[in-house]
Every structure is written in C-alpha cells, then in structure tokens.
Amino acid sequence: MFENVGRHNRPEPQRMAFGNLPVPGTKAGAIVSIGLVVIAWFAIPVAQPFILGTLGLGAIVGLFLTWLHARK
C-alpha cells in the first residue's frame, strides 16, 4: 500500500490556521502563537489550567521527539 512513499521525502509544508489567521511553522508563527496564548491567558481566566496542561504536555512530547530524533 505504501511502497512508493519514501521515508525522507518532504512534502510541501501545510499551512495551518488558527481561525482565519494563518500560522506558518516559522519564527514569526511562533511569535504569533505565543501572543495568542498570552492574550488567552489574560482574557479567559477559566482557560488557564488548560493552557498550563497544554504547555506541559507539549514540552513532554517535544522533548521525547527531540530525544527520539537525536538517537538516530
């Protein structure tokens, strides 16, 4: 089924969006994402536990993927 799919073939980057705001996978996109988190932190106090949990889970998954990539 996946015979023609190479492991290291890199497709064109997909454009992800937060609502109607495109957030590319660049440093500028990271700044926009951090800004949205800061705004949500102060504007929606009920969301603070969710934001903390998301940051913690993202850090764990990110560190695991970094470790996995460095291992190869």
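The rules behind these values
Residues numbered from 1 in each chain as written. Predicted model: local features only at pLDDT ≥ 70, side-chain atom pairs only at ≥ 80, totals over all residues. Heavy atoms only, no water. Helix = DSSP H or I, 4+ residues; strand = E, 2+ residues; numbered from the N terminus. Buried < 20%, exposed > 50% of the residue type's maximum accessible area, 1.4 Å probe, protein only. Areas by Shrake-Rupley, 256 points an atom, 1.4 Å probe, with all protein chains shown as cover. pLDDT = per-residue confidence, 0-100. Patch = residues over 30% accessible without salt bridge, like charges linked within 9 Å, V, L, I, M, F, W, Y side chains within 5 Å. Salt bridge = Lys/Arg side-chain N within 4 Å of Asp/Glu carboxyl O. Phe/Tyr/Trp six-rings, centres within 6.5 Å; stacked < 30°, edge-to-face > 60°.

1. Digging into the overall build of the protein chain
So, point 1. Scanning the protein chain from terminus to terminus reveals two helices and two strands.
So, point 2. Out of the 72 residues belonging to the protein chain, those deemed buried represent 6%.
So, point 3. By element, 71% of the accessible surface of the protein chain is carried by carbon and sulfur atoms, the whole surface being about 6,900 Å².

2. Topic: the confidence of the model for the protein chain
So, point 1. On average, the protein chain scores 80 in pLDDT, and the residues at 70 or more come to 67%.
So, point 2. Across the protein chain, element-level confidence peaks in helix α2 (residues 48-71) with a mean pLDDT of 94 and bottoms out in strand β1 (residues 16-18) with 55.

3. Let's talk about a nonpolar patch on the surface
So, point 1. Among the surface-exposed residues, Leu57, Val61, Phe64, Leu65 and Trp67 lie close enough to one another that they form a single nonpolar patch of about 520 Å² accessible area.
So, point 2. Here leucine 57 is to be found in helix α2.

4. Overview of the packing of aromatic side chains
So, point 1. Applying the stated rule across the entire model yields one aromatic pair.
So, point 2. Ring geometry for phenylalanine 64 against tryptophan 67: centres 6.0 Å apart, planes inclined by 35°, an arrangement best described as tilted. Pair noted here: phenylalanine 64 and tryptophan 67 are both in helix α2, with a separation of three residues, about one helical turn.
So, point 3. Of the residues examined, phenylalanine 64 reaches a relative accessible area of 44% and is grouped as partly exposed.
So, point 4. According to the relative accessible area criterion, tryptophan 67 is partly exposed, its value standing at 48%.

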